[in-house]
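Examining the three-dimensional arrangement
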Amino acid sequence: MTSAPPMPVREDVAPARVRDELRRRADGVTAEAVVFPAHGVPLAGVLYRPEDADGPLPGVVVTGTWTSVREQMADRYAARLAARGHTTLAFDHTGYGASGGALRDYESPALKARDIGDAVGYLAGRTDVVDPQRIGALGVCASAGYTVSNAVADPRVRALALVAPWLHDARIVADTYGGAEGVAMRMAAGARARSHFEATGEVTYVPAVGAGDPLTAMPFDVDFYQNPRRGAVRAWPNRFAVMAWPGWLTYDPIALAPQVRQPVLLVHSESAAIPQGAHRFAVSVDGTIDQYWGEGSQFDFYDSSAHVDRAVSLAGAHLAEHLT
């Protein structure tokens, strides 16, 4: 484990990395670097649109996996969804990547759900490029849960697409993290790290991915995150604040399913991460839910062209149908 002091909020941190973003891409999509406020913190993102778009389009907030920055998968989904006729927004959450926030790389489901709400608000205010009455959200992996958390209290969001969703409850948490003993170990380590932070201002970090330390968020080797040709991008520091464990382990997006009123698309694979969580969520949704169960590992849904294109095709059709 390592400790580091919290980074100060820098009002220039967001524009610094995104200002050279290409406005016109080879895929028929334009990209506009944007910065928008989230409870006093500047969040950095990119707004994607079809190159030939004329006037407001349906808007979609796109977010990726836990610990991630937008370049790892959110940009990919946002750009391809934009090519299908939407204005899309991919962004870095508070404390991640190019966005502001004093506490860096702290995985907070509540904070990330709040950020999604702020991103929805930004889209709703961009009436030059977005129809505020037609806004949806797409979440990949853990952000599927965060997307749901925001949506149950946010009537501005009219449709949801959940791709390879990581949706857990207490039973799945125990099964995933070594039973009651493994969960208790992480909870205790998180409480110690929180006390240390409150006493010293120092954040205790472990790697987000990698074998060796049991407190690592994903304590095994993962090619996607460790391969520079895939998800090991320069903007991603591969670290996880230990004090985030309690908030993550007690988070239960499955319990929110009965409150979902928006039409939902769920795209997953039985070979991907915790499909049982997606099944439990789906049967608890009272409203409309369409499901597509295909092939592939969890990480295929992050950057495999075949898997991403299939998910985007399904999501694009779902959002086009319900954002009318």
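Bear in mind that the values here come from a model prediction, so they are computed numbers and not experimental data.

1. Details of the sheet that holds strand β2 (residues 29-38)
Spatial ordering of the open sheet is given by β2-β3-β5-β4-β6-β7-β10-β11, a layout of 8 strands whose pairing is mixed. Whereas interior strands pair on both sides, the edge strands pair on one side only; in this sheet they are β2 and β11 (289-294). Neighbour-to-neighbour, the strand axes of this sheet turn through a mean angle of 20 degrees, independent of strand direction. Where strand β7 (residues 157-163) lies against strand β10 (residues 264-269), 4 bridges are found, and the strand directions are parallel. Counted as the bridge partner of leucine 162 is leucine 266 from β10. Contacting β2, β3 (41-50), β4 (57-63), β5 (87-91), β6 (130-140) and β7, helix α2 (residues 74-82) crosses the sheet at an angle of about 175 degrees to β5.

2. Comments concerning the packing of aromatic side chains
A full pass over the atoms with the stated rule returns 15 aromatic pairs. Taken together, a centroid distance of 6.3 Å and an interplanar angle of 70 degrees make the contact between tryptophan 66 and tryptophan 245 edge-to-face. One end of the pair, tryptophan 66, is in the loop between β4 and α2; the other, tryptophan 245, is in helix α8 (residues 245-249), and 179 residues separate them in sequence. Summarising the burial analysis for this pair, tryptophan 66 and tryptophan 245 share the class buried. On the numbers, 6.4 Å between centres and 70 degrees between planes, the contact of tyrosine 225 with tyrosine 302 is edge-to-face. Here tyrosine 302 lies in helix α10 (residues 300-303) and tyrosine 225 lies in helix α7 (residues 223-226), a separation of 77 residues in the sequence. This pair shows no difference in class: tyrosine 225 is buried, exactly as tyrosine 302 is.

3. Focus on the nonpolar core
Counting 104 residues, the largest nonpolar core has Trp66, Tyr77, Leu138 and Phe281 as its most contacted members. Not counting residues up to four positions away in its chain, the partners in contact with tryptophan 66 are Glu107, Lys112, Ala142, Tyr146, Tyr177, Ala217, Met218, Tyr225, Phe240, Trp245 and Trp248.

4. Some points on α2
The buried count for α2 comes to 7 of 9 residues, which makes it a mostly enclosed element. Residues of α2 that are buried: Ala74, Asp75, Tyr77, Ala78, Ala79, Leu81 and Ala82.

5. Concerning helix α6 (residues 179-200)
With 22 residues, α6 should reach 32 Å at 1.5 Å per residue; the first-to-last C-alpha distance of 32 Å fits that figure. Taken together, the buried positions of α6 are occupied by Gly182, Val183, Arg186, Ala189, Gly190 and Ala193. All buried residues of α6 fall inside an arc of 130 degrees around its axis, so they share one side. Seen from the buried face of α6, the exposed residues on the opposite side, beyond 90 degrees, are Ala180, Glu181, Arg192, Glu198 and Ala199. At the C-terminal side of α6, glycine 201 shows a positive phi close to 80 degrees.

6. Observations concerning unusual backbone geometry
Positive phi, close to 70 degrees, is recorded for threonine 67, a residue that is not glycine. The topology assignment puts threonine 67 in the loop between β4 and α2. What makes threonine 67 buried here is its relative accessible area of 1%. The phi angle at alanine 164 is positive, at roughly 45 degrees, despite the residue not being glycine. Among the secondary structure elements, alanine 164 is positioned in the loop between β7 and α5 (170-176). Alanine 164 gets classed as buried once you look at its relative accessible area, which sits at 0%.

7. Quick look at the pattern of salt bridges
Close approach of charged atoms allows side chains of opposite charge to pair. A complete count under the given rule lists 11 salt bridges for this structure. Linking arginine 80 and aspartate 309 is a salt bridge whose minimum nitrogen-to-oxygen distance equals 2.6 Å. On the criterion of sequence distance, the pair formed by arginine 80 in helix α2 and aspartate 309 in helix α11 (residues 305-322) is long-range, its members being 229 residues apart. Accessibility expressed as a relative area gives 26% for arginine 80, which makes it partly exposed. Aspartate 131 is the partner of arginine 134 in a salt bridge, and the nearest nitrogen-oxygen pair spans 3.0 Å. Under the relative-accessibility criterion, arginine 134 is labelled partly exposed at 21%. Note on aspartate 131: relative accessible area 22%, which makes it partly exposed. One salt-bridge network, held together by shared partners, links Glu32, Arg126 and Asp128.

What counts, and where the lines are drawn
Residues numbered from 1 in each chain as written. Predicted model: local features only at pLDDT ≥ 70, side-chain atom pairs only at ≥ 80, totals over all residues. Heavy atoms only, no water. Pairing = 2+ DSSP bridges. Helix = DSSP H or I, 4+ residues; strand = E, 2+ residues; numbered from the N terminus. Axes fitted to C-alpha atoms, helices over the stretch in contact; angles between N-to-C directions. Contact = heavy atoms within 4.5 Å. Phe/Tyr/Trp six-rings, centres within 6.5 Å; stacked < 30°, edge-to-face > 60°. Buried < 20%, exposed > 50% of the residue type's maximum accessible area, 1.4 Å probe, protein only. Core = buried A, V, L, I, M, F, W, Y, C linked by side-chain atoms within 4.5 Å. Expected span 1.5 Å × (residues − 1). Arc of directions from axis to C-beta. Salt bridge = Lys/Arg side-chain N within 4 Å of Asp/Glu carboxyl O.

Read these as layout, nothing more, since geometry by itself doesn't imply function.
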